[in-house]
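Here is what each chain is made of, one letter per residue.
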Amino acid sequence: MNFTGSNILSVNQFDRDSVEYIFSVADKMQPYARRQKRTKVLEGAILGNLFFEPSTRTRVSFGTAFNLLGGEVRETTGMESSAIAKGESLYDTARVLSSYSDVIAMRHPKSGSVAEFSEGSRVPVINGGDGANEHPTQALLDLYTIEKELAYHGQTIDNMHICMIGDLKYGRTVHSLSKLLTMYKNVRFTLISPRELSMPSSVLDALDTAGHAFHITETMEGIVDADIVYQTRIQQERFASPQDADQYRGRFRLNQDIYTKHYKPNTVIMHPLPRDSRSEANELDNDLNQNPNLAIFRQADNGVLIRMALFALTLGVVDQVDQYECPV
Ligand code: CP
(Lines give C-alpha, C1' and ligand atoms only; values in the text may rest on other atoms or scores of the structure.)
Protein backbone atom coordinates (compact mmCIF):
# COMPACT_ATOMS: atom_id res chain seq x y z
CA MET A 1 0.00 0.00 0.00
CA ASN A 2 1.22 3.52 -0.81
CA PHE A 3 0.48 5.53 2.33
CA THR A 4 1.61 8.98 1.19
CA GLY A 5 -1.45 11.19 0.71
CA SER A 6 -3.85 8.35 1.57
CA ASN A 7 -6.89 8.58 3.80
CA ILE A 8 -7.08 6.05 6.65
CA LEU A 9 -10.80 5.31 6.79
CA SER A 10 -11.20 1.55 7.32
CA VAL A 11 -9.08 -1.44 8.21
CA ASN A 12 -10.30 -3.00 4.94
CA GLN A 13 -7.70 -0.96 3.07
CA PHE A 14 -4.79 -2.80 4.73
CA ASP A 15 -3.15 -6.13 4.00
CA ARG A 16 -0.87 -7.98 6.41
CA ASP A 17 2.30 -6.50 4.88
CA SER A 18 1.02 -2.94 5.26
CA VAL A 19 -0.01 -3.60 8.88
CA GLU A 20 3.43 -5.03 9.67
CA TYR A 21 5.05 -2.01 7.98
CA ILE A 22 2.99 0.36 10.17
CA PHE A 23 4.13 -1.62 13.23
CA SER A 24 7.79 -1.37 12.17
CA VAL A 25 7.42 2.42 11.83
CA ALA A 26 5.65 2.53 15.24
CA ASP A 27 8.66 0.69 16.75
CA LYS A 28 10.96 3.40 15.36
CA MET A 29 8.84 6.08 17.05
CA GLN A 30 9.49 4.72 20.55
CA PRO A 31 12.54 6.89 21.44
CA TYR A 32 10.66 10.02 20.33
CA ALA A 33 7.52 9.06 22.30
CA ARG A 34 9.70 8.33 25.36
CA ARG A 35 11.42 11.76 24.99
CA GLN A 36 14.83 10.07 24.57
CA LYS A 37 15.07 11.74 21.13
CA ARG A 38 13.36 14.75 19.56
CA THR A 39 12.48 15.46 15.93
CA LYS A 40 11.05 18.45 14.07
CA VAL A 41 10.21 16.53 10.92
CA LEU A 42 6.69 18.01 10.82
CA GLU A 43 7.68 21.55 11.82
CA GLY A 44 5.31 23.96 10.07
CA ALA A 45 2.66 21.28 9.50
CA ILE A 46 -0.82 21.55 11.03
CA LEU A 47 -3.15 18.77 12.20
CA GLY A 48 -6.87 19.56 12.11
CA ASN A 49 -8.17 17.49 15.05
CA LEU A 50 -11.96 17.44 14.68
CA PHE A 51 -13.87 15.56 17.37
CA PHE A 52 -17.65 15.81 17.05
CA GLU A 53 -18.15 13.10 19.70
CA PRO A 54 -16.55 12.74 23.19
CA SER A 55 -13.02 11.35 23.37
CA THR A 56 -10.08 11.41 25.75
CA ARG A 57 -7.47 8.97 24.42
CA THR A 58 -7.95 9.20 20.67
CA ARG A 59 -8.19 12.99 20.51
CA VAL A 60 -5.30 13.73 22.85
CA SER A 61 -3.04 11.00 21.47
CA PHE A 62 -3.55 12.23 17.89
CA GLY A 63 -2.52 15.71 19.09
CA THR A 64 0.39 14.39 21.16
CA ALA A 65 1.64 12.25 18.26
CA PHE A 66 1.61 15.25 15.92
CA ASN A 67 3.35 17.49 18.47
CA LEU A 68 6.03 14.83 19.05
CA LEU A 69 6.83 14.97 15.32
CA GLY A 70 7.22 18.75 15.56
CA GLY A 71 3.82 19.80 14.16
CA GLU A 72 1.03 21.99 15.53
CA VAL A 73 -2.57 21.07 16.31
CA ARG A 74 -5.80 23.02 15.70
CA GLU A 75 -8.76 21.41 17.36
CA THR A 76 -12.53 21.58 17.47
CA THR A 77 -14.55 19.51 19.93
CA GLY A 78 -18.30 18.92 20.04
CA MET A 79 -20.95 19.44 17.39
CA GLU A 80 -22.29 22.55 19.10
CA SER A 81 -19.03 24.52 18.69
CA SER A 82 -18.89 23.84 14.93
CA ALA A 83 -20.81 25.39 12.01
CA ILE A 84 -22.22 21.89 11.41
CA ALA A 85 -24.69 22.94 14.16
CA LYS A 86 -25.88 25.66 11.72
CA GLY A 87 -26.52 23.09 8.99
CA GLU A 88 -23.17 23.18 7.16
CA SER A 89 -22.48 19.98 5.22
CA LEU A 90 -19.56 17.65 5.92
CA TYR A 91 -18.33 18.35 2.37
CA ASP A 92 -18.18 22.13 2.90
CA THR A 93 -16.60 21.73 6.33
CA ALA A 94 -13.95 19.43 4.83
CA ARG A 95 -13.30 21.69 1.87
CA VAL A 96 -12.68 24.67 4.18
CA LEU A 97 -10.76 23.00 6.99
CA SER A 98 -8.51 21.06 4.64
CA SER A 99 -7.07 24.31 3.36
CA TYR A 100 -6.12 25.17 6.96
CA SER A 101 -4.46 21.79 7.65
CA ASP A 102 -1.95 19.27 6.26
CA VAL A 103 -3.82 16.26 7.64
CA ILE A 104 -7.12 15.84 9.48
CA ALA A 105 -8.15 13.40 12.21
CA MET A 106 -11.89 13.17 12.78
CA ARG A 107 -14.47 11.46 15.00
CA HIS A 108 -18.19 11.74 14.32
CA PRO A 109 -21.26 9.88 15.68
CA LYS A 110 -22.59 8.83 12.26
CA SER A 111 -21.40 5.66 10.47
CA GLY A 112 -19.76 6.56 7.15
CA SER A 113 -19.43 10.25 8.06
CA VAL A 114 -15.61 10.33 8.00
CA ALA A 115 -15.56 8.80 4.50
CA GLU A 116 -18.18 11.37 3.41
CA PHE A 117 -16.04 14.16 4.90
CA SER A 118 -12.93 12.87 3.09
CA GLU A 119 -14.63 13.46 -0.28
CA GLY A 120 -14.46 17.21 0.35
CA SER A 121 -10.96 17.18 1.83
CA ARG A 122 -7.79 18.13 -0.05
CA VAL A 123 -5.55 16.51 2.59
CA PRO A 124 -5.42 13.00 4.10
CA VAL A 125 -8.21 12.22 6.57
CA ILE A 126 -7.79 9.69 9.40
CA ASN A 127 -10.87 8.08 10.94
CA GLY A 128 -10.90 8.49 14.72
CA GLY A 129 -14.20 6.57 14.99
CA ASP A 130 -17.39 6.92 12.94
CA GLY A 131 -20.47 5.90 14.92
CA ALA A 132 -20.73 2.15 15.46
CA ASN A 133 -18.89 1.49 12.20
CA GLU A 134 -15.08 1.52 12.55
CA HIS A 135 -12.16 2.75 14.65
CA PRO A 136 -9.17 1.76 12.49
CA THR A 137 -6.41 3.44 14.52
CA GLN A 138 -7.71 1.78 17.70
CA ALA A 139 -7.69 -1.59 15.91
CA LEU A 140 -4.09 -1.04 14.83
CA LEU A 141 -2.97 -0.13 18.35
CA ASP A 142 -4.93 -3.10 19.73
CA LEU A 143 -3.28 -5.49 17.29
CA TYR A 144 0.16 -3.96 17.94
CA THR A 145 -0.45 -4.48 21.67
CA ILE A 146 -1.63 -8.08 21.16
CA GLU A 147 1.51 -8.85 19.13
CA LYS A 148 3.78 -7.43 21.86
CA GLU A 149 1.91 -9.06 24.77
CA LEU A 150 1.84 -12.49 23.12
CA ALA A 151 5.49 -12.24 22.07
CA TYR A 152 6.37 -11.63 25.74
CA HIS A 153 4.88 -15.08 26.47
CA GLY A 154 6.46 -16.69 23.38
CA GLN A 155 3.20 -16.75 21.40
CA THR A 156 1.99 -15.33 18.08
CA ILE A 157 -1.23 -13.87 16.75
CA ASP A 158 -1.51 -16.83 14.39
CA ASN A 159 -3.22 -19.67 16.32
CA MET A 160 -4.33 -17.51 19.25
CA HIS A 161 -7.70 -17.68 21.03
CA ILE A 162 -9.38 -14.30 21.66
CA CYS A 163 -12.56 -13.73 23.71
CA MET A 164 -14.46 -10.54 22.93
CA ILE A 165 -16.96 -9.61 25.62
CA GLY A 166 -19.75 -7.06 26.04
CA ASP A 167 -21.39 -4.77 23.49
CA LEU A 168 -20.22 -6.39 20.26
CA LYS A 169 -23.02 -4.79 18.24
CA TYR A 170 -22.18 -1.13 18.82
CA GLY A 171 -18.51 -1.52 19.86
CA ARG A 172 -16.70 -0.29 16.76
CA THR A 173 -13.30 -1.30 18.13
CA VAL A 174 -14.20 -5.00 18.06
CA HIS A 175 -15.52 -4.66 14.49
CA SER A 176 -12.26 -3.18 13.24
CA LEU A 177 -10.04 -5.51 15.29
CA SER A 178 -11.92 -8.62 14.09
CA LYS A 179 -11.49 -7.53 10.47
CA LEU A 180 -7.75 -6.98 10.97
CA LEU A 181 -7.46 -10.45 12.51
CA THR A 182 -8.83 -11.99 9.30
CA MET A 183 -5.31 -11.43 7.89
CA TYR A 184 -3.83 -13.90 10.37
CA LYS A 185 -3.99 -17.69 10.46
CA ASN A 186 -6.21 -19.92 12.54
CA VAL A 187 -7.44 -17.34 15.05
CA ARG A 188 -10.17 -18.73 17.32
CA PHE A 189 -12.89 -16.34 18.52
CA THR A 190 -15.28 -16.64 21.46
CA LEU A 191 -17.87 -13.87 21.22
CA ILE A 192 -19.69 -13.23 24.51
CA SER A 193 -22.56 -10.75 24.55
CA PRO A 194 -26.28 -10.41 25.23
CA ARG A 195 -28.08 -11.79 22.17
CA GLU A 196 -29.39 -8.32 21.29
CA LEU A 197 -25.82 -6.95 21.27
CA SER A 198 -24.13 -9.70 19.27
CA MET A 199 -21.45 -9.21 16.63
CA PRO A 200 -22.89 -7.93 13.29
CA SER A 201 -23.28 -10.53 10.55
CA SER A 202 -20.93 -8.57 8.24
CA VAL A 203 -18.08 -9.17 10.73
CA LEU A 204 -19.04 -12.84 11.23
CA ASP A 205 -19.06 -13.29 7.44
CA ALA A 206 -15.53 -11.87 7.27
CA LEU A 207 -14.35 -14.32 9.98
CA ASP A 208 -16.03 -17.17 8.15
CA THR A 209 -14.40 -16.22 4.84
CA ALA A 210 -11.01 -16.11 6.57
CA GLY A 211 -11.59 -19.65 7.89
CA HIS A 212 -11.57 -18.56 11.56
CA ALA A 213 -13.64 -20.60 14.02
CA PHE A 214 -16.01 -18.56 16.19
CA HIS A 215 -18.27 -19.51 19.07
CA ILE A 216 -21.16 -17.19 20.00
CA THR A 217 -22.45 -17.37 23.56
CA GLU A 218 -24.29 -15.35 26.21
CA THR A 219 -22.28 -16.81 29.10
CA MET A 220 -18.67 -16.57 30.22
CA GLU A 221 -18.02 -20.18 29.23
CA GLY A 222 -15.10 -20.57 26.87
CA ILE A 223 -12.73 -18.11 28.52
CA VAL A 224 -10.71 -20.80 30.33
CA ASP A 225 -8.11 -21.18 27.58
CA ALA A 226 -8.27 -17.65 26.13
CA ASP A 227 -4.95 -15.99 25.29
CA ILE A 228 -6.57 -12.54 25.02
CA VAL A 229 -9.73 -11.32 26.76
CA TYR A 230 -10.99 -8.10 25.17
CA GLN A 231 -13.66 -6.46 27.34
CA THR A 232 -15.89 -3.66 26.04
CA ARG A 233 -18.24 -1.10 27.56
CA ILE A 234 -21.99 -1.00 26.86
CA GLN A 235 -22.06 1.84 24.31
CA GLN A 236 -24.80 3.88 26.02
CA GLU A 237 -24.54 6.66 23.43
CA ARG A 238 -25.85 4.31 20.71
CA PHE A 239 -29.04 3.41 22.64
CA ALA A 240 -32.34 5.32 22.51
CA SER A 241 -31.99 6.13 26.24
CA PRO A 242 -29.65 5.40 29.17
CA GLN A 243 -32.44 3.20 30.60
CA ASP A 244 -32.31 1.02 27.46
CA ALA A 245 -28.59 0.52 28.06
CA ASP A 246 -29.08 -0.17 31.79
CA GLN A 247 -30.58 -3.62 31.18
CA TYR A 248 -27.24 -4.81 29.76
CA ARG A 249 -24.85 -3.22 32.25
CA GLY A 250 -22.98 -5.40 34.72
CA ARG A 251 -23.69 -8.72 32.99
CA PHE A 252 -20.08 -9.58 32.17
CA ARG A 253 -17.92 -8.37 35.03
CA LEU A 254 -14.25 -9.20 35.41
CA ASN A 255 -12.34 -8.82 38.66
CA GLN A 256 -9.21 -10.36 40.17
CA ASP A 257 -11.13 -13.15 41.93
CA ILE A 258 -12.83 -14.26 38.69
CA TYR A 259 -9.50 -13.99 36.85
CA THR A 260 -7.70 -16.17 39.40
CA LYS A 261 -10.43 -18.83 39.51
CA HIS A 262 -11.43 -19.07 35.84
CA TYR A 263 -8.63 -17.79 33.56
CA LYS A 264 -5.45 -19.55 32.59
CA PRO A 265 -2.24 -17.91 33.87
CA ASN A 266 -1.02 -15.02 31.70
CA THR A 267 -4.32 -14.41 29.89
CA VAL A 268 -3.91 -10.84 28.63
CA ILE A 269 -6.72 -8.47 29.62
CA MET A 270 -7.54 -5.71 27.15
CA HIS A 271 -10.18 -2.97 26.88
CA PRO A 272 -10.19 -0.01 24.48
CA LEU A 273 -11.23 2.28 27.36
CA PRO A 274 -13.00 4.14 28.77
CA ARG A 275 -14.11 1.40 31.17
CA ASP A 276 -17.41 2.11 32.90
CA SER A 277 -16.33 2.11 36.54
CA ARG A 278 -19.80 2.79 38.00
CA SER A 279 -20.86 -0.02 40.35
CA GLU A 280 -23.82 -1.02 38.15
CA ALA A 281 -21.46 -1.66 35.22
CA ASN A 282 -17.86 -2.19 36.36
CA GLU A 283 -16.90 -4.49 33.47
CA LEU A 284 -13.24 -4.35 34.52
CA ASP A 285 -12.73 -3.90 38.26
CA ASN A 286 -10.03 -1.61 39.66
CA ASP A 287 -8.74 -4.55 41.72
CA LEU A 288 -7.12 -5.78 38.48
CA ASN A 289 -4.91 -2.67 38.31
CA GLN A 290 -1.90 -4.47 39.80
CA ASN A 291 -2.38 -7.57 37.62
CA PRO A 292 0.69 -7.67 35.31
CA ASN A 293 -1.47 -9.09 32.51
CA LEU A 294 -3.75 -6.05 32.51
CA ALA A 295 -2.62 -4.43 29.24
CA ILE A 296 -5.13 -1.54 29.08
CA PHE A 297 -2.66 1.24 29.82
CA ARG A 298 0.01 -0.26 27.55
CA GLN A 299 -2.71 -0.24 24.87
CA ALA A 300 -3.36 3.47 25.42
CA ASP A 301 0.40 4.22 25.39
CA ASN A 302 0.76 2.37 22.10
CA GLY A 303 -1.86 4.67 20.59
CA VAL A 304 0.72 7.46 20.43
CA LEU A 305 3.22 5.25 18.56
CA ILE A 306 0.65 4.04 16.03
CA ARG A 307 -0.66 7.56 15.39
CA MET A 308 2.89 8.93 15.03
CA ALA A 309 3.54 6.18 12.47
CA LEU A 310 0.36 7.00 10.54
CA PHE A 311 1.18 10.72 10.40
CA ALA A 312 4.73 10.01 9.22
CA LEU A 313 3.39 7.60 6.59
CA THR A 314 0.47 9.65 5.25
CA LEU A 315 2.65 12.78 5.10
CA GLY A 316 5.53 10.87 3.48
CA VAL A 317 8.25 11.71 6.01
CA VAL A 318 9.09 8.28 7.46
CA ASP A 319 12.64 8.33 6.07
CA GLN A 320 13.29 11.89 7.29
CA VAL A 321 12.34 11.56 10.97
CA ASP A 322 15.94 11.07 12.16
CA GLN A 323 17.33 13.69 9.73
CA TYR A 324 15.32 16.35 11.62
CA GLU A 325 16.48 15.34 15.09
CA CYS A 326 17.24 18.17 17.50
CA PRO A 327 18.51 18.35 21.10
CA VAL A 328 16.16 16.83 23.70
N1 CP B 1 -10.53 4.08 22.98
C2 CP B 1 -11.07 5.25 22.68
O3 CP B 1 -11.50 5.49 21.53
O4 CP B 1 -11.10 6.14 23.72
P5 CP B 1 -11.66 7.62 23.65
O6 CP B 1 -13.15 7.53 23.43
O7 CP B 1 -11.29 8.24 24.97
O8 CP B 1 -10.99 8.30 22.49
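The structure displayed is predicted, hence computed values, not measured ones.

### Notes on the pairing of strand β4 (residues 103-108)
Judged by how many residues are buried, β4 sits mostly within the fold: six of six residues are covered. Side chains Val103, Ala105 and Arg107 of β4 all project onto a buried face; the interleaved residues Ile104, Met106 and His108 project onto the opposite face, where all are buried too. Relative to β4, strand β2 (residues 46-51) runs parallel, the two sharing five bridges. Residue pairing across strands places Gly48 opposite Ile104, the latter belonging to β4. Here four bridges tie β4 to strand β5 (residues 125-130), and the two strands are oriented parallel to one another. Its bridge partner lying in β5, Ala105 is registered against Ile126. The handedness of the β4 to β5 crossover, carried by helix α5 (residues 113-118), is right-handed.

### Section: the site of the ligand
Lining the immediate environment of the ligand, one finds Ser55, Thr56, Arg57, Thr58, Arg107, His135, Gln138, Pro272 and Leu273. At 2.6 Å, a side-chain N or O of Thr58 approaches an oxygen atom of the ligand. About the coverage of the ligand: the protein hides 92% of its 260 Å² of free accessible area. Judged by the fraction of its atoms near the pocket grid, the ligand is located in the largest pocket. Its residues assigned to classes, the shell around the ligand shows two nonpolar, five polar and two charged.

### What about the sheet that holds β5?
Read across the open sheet, the four strands follow the order β3-β2-β4-β5; overall the sheet is parallel. Each edge of the sheet is formed by a strand with only one pairing partner; in this case those strands are β3 (72-77) and β5. Neighbour-to-neighbour, the strand axes of the sheet open up by a mean angle of 10°, direction not taken into account. The sheet strands contacting helix α3 (residues 57-68) are β2, β3, β4 and β5, and the helix crosses β2 at an angle near 180°.

### Describing the domain arrangement of the protein
Taken domain by domain, the protein consists of domain 1 (11-134 + 301-326) and domain 2 (136-300). Computed over C-alpha atoms only, the centres of domain 1 and domain 2 are separated by 25 Å. Taken together, the contact between domain 1 and domain 2 spans 34 residues of the former and 29 residues of the latter. Between domain 1 and domain 2, the buried area comes to about 2600 Å², and carbon and sulfur atoms account for 56% of it. Summed over the shared surface of domain 1 and domain 2, the result is five salt bridges. The salt bridge partner of Glu53 is Arg172, with a shortest N-O separation of 3.2 Å. The interface formed by domain 1 and domain 2 contains 21 residue pairs in polar contact (both at pLDDT 80 or more). Elements supplying a minimum of two residues to the side of domain 1 that touches domain 2: α1 (16-28), α3, β4, β5 and α11 (296-314). Of the residues forming the side of domain 1 that touches domain 2, the biggest block, eight residues, is contributed by α11. Among the residues making up the side of domain 1 that touches domain 2, the classes are represented as 14 nonpolar, nine polar and 11 charged.

Parameters at a glance
- Residues numbered from 1 in each chain as written.
- Predicted model: local features only at pLDDT ≥ 70, side-chain atom pairs only at ≥ 80, totals over all residues.
- Heavy atoms only, no water.
- Buried < 20%, exposed > 50% of the residue type's maximum accessible area, 1.4 Å probe, protein only.
- Helix = DSSP H or I, 4+ residues; strand = E, 2+ residues; numbered from the N terminus.
- Pairing = 2+ DSSP bridges.
- Right-handed = clockwise from strand over helix to strand, strands pointing away.
- Near = heavy atom within 4 Å.
- Polar contact = N/O pair within 3.5 Å; in protein donor to acceptor, adjacent residues only side chain to side chain.
- Areas by Shrake-Rupley, 256 points an atom, 1.4 Å probe, with all protein chains shown as cover.
- 1 Å grid on protein atoms, 1.4 Å probe; cavity = no way out; pocket = protein on both sides within 12 Å on 5 of 7 lines; lining within 4 Å.
- Sits in = over half its atoms within 2 Å of the grid points.
- Nonpolar A, V, L, I, M, F, W, Y, C, P; charged D, E, K, R; others polar.
- Axes fitted to C-alpha atoms, helices over the stretch in contact; angles between N-to-C directions.
- Contact = heavy atoms within 4.5 Å.
- Domains from an automatic or database assignment.
- Buried area = accessible area lost by both parts, 1.4 Å probe.
- Salt bridge = Lys/Arg side-chain N within 4 Å of Asp/Glu carboxyl O.

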